[in-house]
Amino acid sequence: MTQKIIRIGVDLDGVVVNKPPIVPKKLIEWLIRSHTNHEKKYRFPKTNLERWIRIQSHHYKLRPPLSKNLQAIKNLEKLKSFEVFFISSRYRFLANQTRQWFKNYFPQFDYKKVFINLENQQPHLFKEEMIRKLKIDYFLEDDQRTISYLRKRSNLCPIIKINRDKQITKKLFS
Ligand SMILES: [Mg+2]
């Protein structure tokens, strides 16, 4: 009998990728979130300036890894019984920045298993779709609104909330 391989889905920002050091969280949220009244909507940056700011703020040097979490994922990857996929709702215009990040901090990872939001869908919908498509068994996420949404969906895997460095090790190995 062959052992089932457990498929772990991992969000990027806030789970293995740190926030940029100087930009205040409130400003990031303001840039990301929709200014309309719909709670779940994130706003796709429409102007070149906004996109430029976002691209700059996703430079790998401004986004160091959450090193303990990243290490936990690296350890998991080495075990034959786990397969790791990254699922991030980063929009298409951040594809290069994302590739650069992996090149610098996780070069041994097979980049084909990094899925970003190339069609610029609503982030929570993109994640749900990918979790289903990739048949993820556990998904690691930091954003509370995304977690709340995903946990309400039927027949979706357990969503594990991660909100600081060191958490993956604690939550998966204890
Ligand atoms: Mg996140």
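The structure we're discussing is the one just above.
In every chain, residue numbers begin from 1 and rise along the written sequence. Only residues with pLDDT of at least 70 are given local features in this predicted model, and only at 80 or more are side-chain atom pairs given and counted; all residues enter the totals for whole chains, interfaces and linings. Heavy atoms from the whole structure form the basis of all side-chain values; hydrogens and water molecules are not counted.

### Quick notes on the pattern of salt bridges
Just to be clear on terms, a salt bridge is a Lys or Arg side-chain nitrogen sitting within 4 Å of an Asp or Glu carboxyl oxygen. Counted by the stated rule, this structure contains eleven salt bridges. Here Arg 7 makes a salt bridge to Glu 83, at a shortest N to O gap of 3.6 Å. Here Glu 83 lies in strand E2 (residues 82-91) and Arg 7 lies in strand E1 (residues 6-10), a separation of 76 residues in the sequence. Look at Glu 83 and you get partly exposed, because its relative accessible area is 23%. The closest approach of N and O atoms between Asp 11 and Lys 127, which form a salt bridge, is 3.2 Å. Pair noted here: Asp 11 is in the loop between E1 and helix H1 (25-32) and Lys 127 is in helix H5 (residues 123-133), with a separation of 116 residues, a long-range link. Through salt bridges that share partners, Arg 7, Glu 83 and Lys 113 make up one connected network. By definition, any uninterrupted DSSP run of H or I lasting at least four residues is a helix, any uninterrupted run of E lasting at least two residues is a strand, and each is numbered from the N terminus. A simple rule labels every residue: compare its accessible area, found with a 1.4 Å probe on the protein chains alone, to the largest value its type can have, and call it buried under 20%, exposed over 50%, or partly exposed in between.

### Describing the packing of aromatic side chains
Note on aromatic pairs: the rings of Phe, Tyr and Trp (six-membered ring only in Trp) are paired at centre separations within 6.5 Å, and the planes decide the class, stacked below 30 degrees, edge-to-face beyond 60, tilted for the rest. In the structure shown here, the tally under the stated rule is 13 aromatic pairs. The interplanar angle of 65 degrees and the centroid separation of 5.2 Å between the aromatic rings of Phe 86 and Phe 102 together place this pair among those described as edge-to-face. Of this pair, Phe 86 sits in strand E2 while Phe 102 sits in helix H4 (residues 95-105), and the two are 16 residues apart along the sequence. Judged by centre distance (5.0 Å) and plane angle (40 degrees), the ring pair of Phe 106 and Phe 109 falls under tilted. You can call Phe 106 buried: its relative accessible area is 2%. Taken together, Tyr 60, Phe 86, Trp 101, Phe 102, Tyr 105, Phe 106, Phe 109 and Tyr 111 form an aromatic cluster joined through their ring pairs. Above the face of the Phe 106 ring, Lys 74 is positioned so that its terminal group lies 5.2 Å from the ring centre. Against the face of Phe 85 rests Lys 113, its NZ or CZ located 5.7 Å from the ring centre. By definition here, charges over rings are those cases where NZ of Lys or CZ of Arg is within 6 Å of the ring centre and within 35 degrees of the ring normal.

### As for the coordination of the magnesium ion
Metal sites are built from N, O and S donor atoms within 2.8 Å, or 3.2 Å for Na, K and Ca, and they leave out water, so they may look incomplete. Here the magnesium ion is held by Asp 11 (OD), Asp 13 (O) and Asp 142 (OD), and the distances to it run 2.1 Å. Within one chain, the residues serving as donors to the magnesium ion are arranged as D-x1-D-x128-D. Pair noted here: Asp 11 is in the loop between E1 and H1 and Asp 142 is in the loop between strand E4 (138-141) and helix H6 (144-152), with a separation of 131 residues, a long-range link. The pair formed by Asp 11 and Asp 142 is uniform in burial state, with each residue classed as buried.

Keep in mind these numbers describe shape, not what the thing actually does.
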